[in-house]
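So the chains spell out like this:
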Amino acid sequence: MDVRYPIGKLQVPKKVTFENIQEWLKEIETYTIRLRETVDSLSDEELSRTYRDGSWTVRQLVHHIADSQLNMYQRLKLALTDENPTVPDFDQDKWAIQPDTKLPIESSIKMLEGINERIVSLGYSLTEEQLDRVFNHQKNGKIIVATKVAKLAWHEEHHLAHIKIALSK
């Protein structure tokens, strides 16, 4: 197993169905429960563990998940409200070392609860036409809403697996 991609790389079907969307939304809807089960009782030492040499700590991962979901949620909203918006990249490594990442992880879990609730609510209302709307990512090019929903779910699971690997060491 490649610990950089413990659940594999993101794979999106060529034709995304409403069943796919619902499956991804259910993962997002239950994510913070599963995250809390994994990190709620961790000590400072456990929060400082990494899943591989040079990787982020468990604490940084939790904060990164919230930061990333926030950015991806904004991109999703822009794709639904603007015509072909261009969205900036964000330097996740620089975000991961900002002073707010020293806060207790509870702040990011609470943030995730709200963001994920909004993502799920919005996701269940998406029409076929909306699933095909696009935004242009500054670095990655054209991305459709259906792919963004898949990534919202995959990204959280990807980093939960990283956290579990770090805690198993």
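Residues numbered from 1 in each chain as written. Predicted model: local features only at pLDDT ≥ 70, side-chain atom pairs only at ≥ 80, totals over all residues. Heavy atoms only, no water.

Q: Report on the UniProt feature "domain: DinB-like" (unreviewed entry) in the protein chain, specifying residues and quantitative values.
A: UniProt's feature table lists "domain: DinB-like" (unreviewed entry) at residues 34–163, given in the numbering used throughout. The straight-line gap between the two end C-alpha atoms of residues 34–163 is 12 Å; of that span, 62% is helix and 8% is strand. (UniProt positions renumbered as here; feature names shortened; annotations may be inferred. Helix = DSSP H or I, 4+ residues; strand = E, 2+ residues; numbered from the N terminus.)

Q: I'd like to hear about the side chain of His-155, residue by residue, with values.
A: Counting through the fold element by element, His-155 comes out in helix α7 (residues 145–168). The class for His-155 is buried, based on a relative accessible area of 5%. His-155 has contacts with His-64, Ile-65, Ser-68, Gln-69 and Met-72, leaving out every residue within four places of it along the chain. (Buried < 20%, exposed > 50% of the residue type's maximum accessible area, 1.4 Å probe, protein only. Contact = heavy atoms within 4.5 Å.)

Q: Outline unusual backbone geometry, supporting the account with residue identities and numerical values.
A: A positive phi angle is found at Asn-84, which is not glycine, with a value near 45°. Assignment of secondary structure puts Asn-84 in the loop between α3 (58–81) and β1 (86–87). Classification of Asn-84 as partly exposed rests on a relative accessible area of 45%.

Q: Kindly report on the packing of aromatic side chains, identifying the contributing residues and their values.
A: Enumeration over the complete set of coordinates arrives at one aromatic pair. Lying over the aromatic face of Tyr-5, Lys-9 brings its terminal NZ or CZ to 5.0 Å of the ring centre. (Phe/Tyr/Trp six-rings, centres within 6.5 Å; stacked < 30°, edge-to-face > 60°. Lys NZ or Arg CZ within 6 Å of the ring centre and 35° of its normal.)

Q: So what's going on with the pairing of strand β3 (residues 141–144)? Which residues, and what values?
A: The pairing of strand β2 (residues 134–137) with β3 spans four bridges and is classified as antiparallel. Among the inter-strand pairings, Asn-136 is bridged to a residue of β3, identified as Lys-142. Counting the residues that bridge the hairpin from β2 to β3 gives three residues. (Pairing = 2+ DSSP bridges.)

Q: Could you give me a rundown of the packing of α3 against α7, with the residues and numbers involved?
A: Helix packing for two helices is described by the angle between their axes and how far apart those axes are. Where α3 contacts α7, the two axes come as close as 10 Å, and the packing angle between them is 180°. With respect to each other, α3 and α7 are oriented roughly antiparallel. For the contact of α3 with α7, the residue count by class is 15 nonpolar, six polar and four charged. (Axes fitted to C-alpha atoms, helices over the stretch in contact; angles between N-to-C directions. Parallel < 35°, antiparallel > 145°, perpendicular 65-115°, else oblique. Nonpolar A, V, L, I, M, F, W, Y, C, P; charged D, E, K, R; others polar.)

Q: Run through the pattern of salt bridges, naming residues and quoting values.
A: Inspection of the entire model under this criterion finds nine salt bridges. Close ionic contact of Glu-157 with Arg-34 constitutes a salt bridge, the shortest N to O distance being 2.7 Å. Separated by 123 residues along the polypeptide, Glu-157 in helix α7 and Arg-34 in helix α1 (residues 18–39) bring together distant segments of the chain. Relative accessible area serves as the criterion here: at 17%, Glu-157 is assigned to the buried category. Residue class for Arg-34 comes out partly exposed when judged on its relative accessible area of 23%. The partner of Arg-36 in a salt bridge is Glu-113, with the nearest N and O atoms 3.1 Å apart. Separated by 77 residues along the polypeptide, Arg-36 in helix α1 and Glu-113 in helix α5 (residues 106–124) bring together distant segments of the chain. (Salt bridge = Lys/Arg side-chain N within 4 Å of Asp/Glu carboxyl O.)

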